[in-house]
Amino acid sequence: MREYLKFYIDGQWVDPIGSGTVDLVNPATEEISGKIALGSEADVDKAVKAARAAFASYSQTSREERLALLKAIKSEYEKRLPELAEAITEEMGAPASLASGFHTFLGTGHLDTAIAVLEKFVFEERQGDTLIVKEPIGVCGLITPWNWPINQVTVKVFPALAAGCTVVLKPPQLAAYSAQILAEILDAAGVPKGVFNMVQGKGSVIGSALSTHPDVDMISFTGSESVGVQISKDAADTVKRVCLELGGKSPYILLDDDGLTERVAAATSGMMVNSGQTCSAGSRLIVPQARMAEAKAAAAQAAEAVTVGNPAGNAAMGPVVSEDQFDTVQAYIKQGIDEGAELVAGGPGLPEGLDKGYYVKPTVFATTNDKVVAREEIFGPVLVMIGYNDLEDAVAIANDTDFGLAGYVDGNDQDKCHEIARKIRAGAIYVNGGFDFNAPFGGYKRSGNGREWGEHGFAEYLETKAIVG
């Protein structure tokens, strides 16, 4: 049983100002796994004051000083990798192989990227008689979700520290354990007091307090569209910079070639990774209409091959994060059936052999792009297959969405894939399995604004000053 009842503020573990706590539930067992303290506006104010005081000196540190700090963090991070992985499995149900693999690997990758960007970043350059200077923006409020907990924290914290900012982190209530360990890592690495602060609690309380606080210069938020809209409204009164990474209903276009069935299987299996709880997941699989029958057969076979069960064991897919999330996904599956979408695999209820835990059957629908299951973000292991008549039609389907976070194009003709990728209205398009820590990540349309990852993510934490003459 874990108990994390202190916050990290001004370089110390301190008692909350209030006395509220909440029990957290292991989604695989439905049993209480621990308890965290719930912060208040007063705790946020205390943390922001510490960050504001620390900014005066930390913002003036040299590139070399910040590089030394990041390298010290890396040394401590690597020592705690097994504990981080165990925490991720326990808090949000990621299979052990995924938690100790891609989940924690992403944290290492963002740290290495922050170091590499800081080593080469040009903070000052002359343009004629003007000196253009890039400076840290100030105190940053970072609000992160539970679905990829270490990724979502490190993609914000590490570039912010590298840029010379100070931060107040509000980690997700449902995935609080890994954030607590990360705070311990930063403390052990010798982060100067006040530079990094963490307050646990409810988003409606902590997020609102950060968004409205006059001494917070920037909010970086990853989560739902509705919360992102509220944060933007809250931040408007103090004219903060707001960086939002919101939802997605990402298209996955497959070319009509001899690799189609293998790519359908891979896209289906990929959708089920992390129980489908990935904002950039390719949840709309767009395939040639003339080959829909073989595509459905390949998808059904791939979905049925995904093992679902205890994430501490060898299962490929664990539970979704909570009872509320389970109920939401089940409601979408029922709605898909009710609105006439063809159920290709999976369906409502628990997978066979499981009677406890928030497990969802890997589910595939074949339908049209106007159905609710094809238009709204389900955030569970539910794939929607849609047929296209030609590539122009495929692009039109891909772009017929309120979202624009990511897209995917796979096929034998690389040039044709890139031609299609240029036409998709989304912030990141992955061609034939591409992956790059330096590629900017962020959304068009209702998927947000601003960018994370690599140099573009680093730049979000900087202001631009012109010294003229």
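Residues numbered from 1 in each chain as written. Predicted model: local features only at pLDDT ≥ 70, side-chain atom pairs only at ≥ 80, totals over all residues. Heavy atoms only, no water.

**Structural notes on the overall build of the chain**
Along its length, the chain carries 15 helices and 21 strands. The C-alpha atoms of the chain give 22 Å as radius of gyration, which agrees with the globular expectation for 469 residues (23 Å, within 12%). Contacts spanning at least 24 positions in sequence make up 73% of the contacts within the chain whose residues lie at least 6 apart. Of the roughly 18,400 Å² of accessible surface on the chain, 49% is carried by carbon and sulfur atoms. Here the chain holds 40 positive side-chain charges and 62 negative ones, and the gap between their average locations is 4 Å. (Helix = DSSP H or I, 4+ residues; strand = E, 2+ residues; numbered from the N terminus. Rg over C-alpha atoms; globule rule 2.2 N^0.38 Å. Contact = heavy atoms within 4.5 Å. Areas by Shrake-Rupley, 256 points an atom, 1.4 Å probe, with all protein chains shown as cover. Lys, Arg positive; Asp, Glu negative; His and termini not counted. Charge placed at Lys NZ, Arg CZ, Asp CG, Glu CD.)

**Describing the environment of Val329**
Mapped onto the fold, Val329 is located in helix α11 (residues 323-338). Classification of Val329 by relative accessible area gives buried; the value is 0%. Taking the C-alpha atoms as reference, Val329 lies 7.2 Å from Phe379; in sequence the two are 50 residues apart. Look past the residues within four positions of Val329 in its chain and what remains in contact with it is Val360, Ile378, Phe379, Gly380 and Val382. (Buried < 20%, exposed > 50% of the residue type's maximum accessible area, 1.4 Å probe, protein only.)

**Remarks on the pairing of strand β9 (residues 166-170)**
Most of β9 sits out of view: 5 of its 5 residues are buried. The alternating pattern of β9 places Thr166, Val168 and Lys170 and Val167 and Leu169 on opposite faces, both of which are buried. As judged from the 5 bridges shared by strand β8 (residues 139-143) and β9, these two strands associate in the parallel manner. In the strand pairing of β9, Ile143 is matched with Lys170. With respect to chirality, the unit in which β8 leads through helix α5 (residues 149-163) into the neighbouring parallel β9 is right-handed. Pairing between β9 and strand β10 (residues 196-198): 3 bridges, direction parallel. Opposite Val167, over in β10, you have Phe196 as the bridge partner. (Pairing = 2+ DSSP bridges. Right-handed = clockwise from strand over helix to strand, strands pointing away.)

**With respect to the nonpolar core**
Membership of the largest hydrophobic core comes to 71 residues, with the highest contact counts inside it found for Ile73, Phe196 and Phe458. Not counting the four nearest positions on each side in its chain, Phe196 is found in contact with Tyr8, Val157, Val167, Leu169, Ala183, Leu186 and Val191. Among the nonpolar cores identified, the runner-up in size contains 30 residues, and Leu255, Phe326, Ile420 and Ala421 belong to it. (Core = buried A, V, L, I, M, F, W, Y, C linked by side-chain atoms within 4.5 Å.)

**Observations concerning the packing of aromatic side chains**
Per the counting criterion, the structure on display carries 17 aromatic pairs. Measuring from centroid to centroid gives 6.0 Å for Tyr8 and Phe196, while their planes differ by 35 degrees, and the two rings are tilted. Of this pair, Tyr8 sits in strand β2 (residues 7-9) while Phe196 is found in strand β10, placing the two residues 188 residues apart along the sequence. The exposure class assigned to Phe196 is buried, which follows from its relative accessible area of 1%. Between Phe121 and Phe458, the ring centres sit 4.8 Å apart and the planes meet at 50 degrees, which makes this aromatic pair tilted. Here the residue Phe121 occupies a position in the loop between α4 (96-120) and β6 (124-127), and Phe458 occupies one in helix α15 (residues 454-459), the gap between them amounting to 337 residues. There is no split in this pair, since Phe121 and Phe458 are both buried. Three or more aromatic residues link up through ring pairs in this structure, and these residues are Phe102, Phe105, Trp148, Phe435, Phe437, Phe441 and Trp453. (Phe/Tyr/Trp six-rings, centres within 6.5 Å; stacked < 30°, edge-to-face > 60°.)

**A word on the side chain of Ser59**
On the secondary structure map, Ser59 appears in the loop between α1 (41-58) and α2 (63-79). Since its relative accessible area comes to 13%, Ser59 is described here as buried. Residues in contact with Ser59, not counting those within four places in the same chain, are Pro136 and Gly164.

**Describing α2**
Look at α2: 25 Å from first C-alpha to last across 17 residues, which is about the 24 Å you get at 1.5 Å a residue. Here α2 has its buried residues at Arg66, Leu67, Leu69, Leu70, Ile73, Glu76 and Tyr77. Where α2 is buried, its residues contact α1, α3 (81-92), α4, α5 and α6 (176-189). (Expected span 1.5 Å × (residues − 1).)

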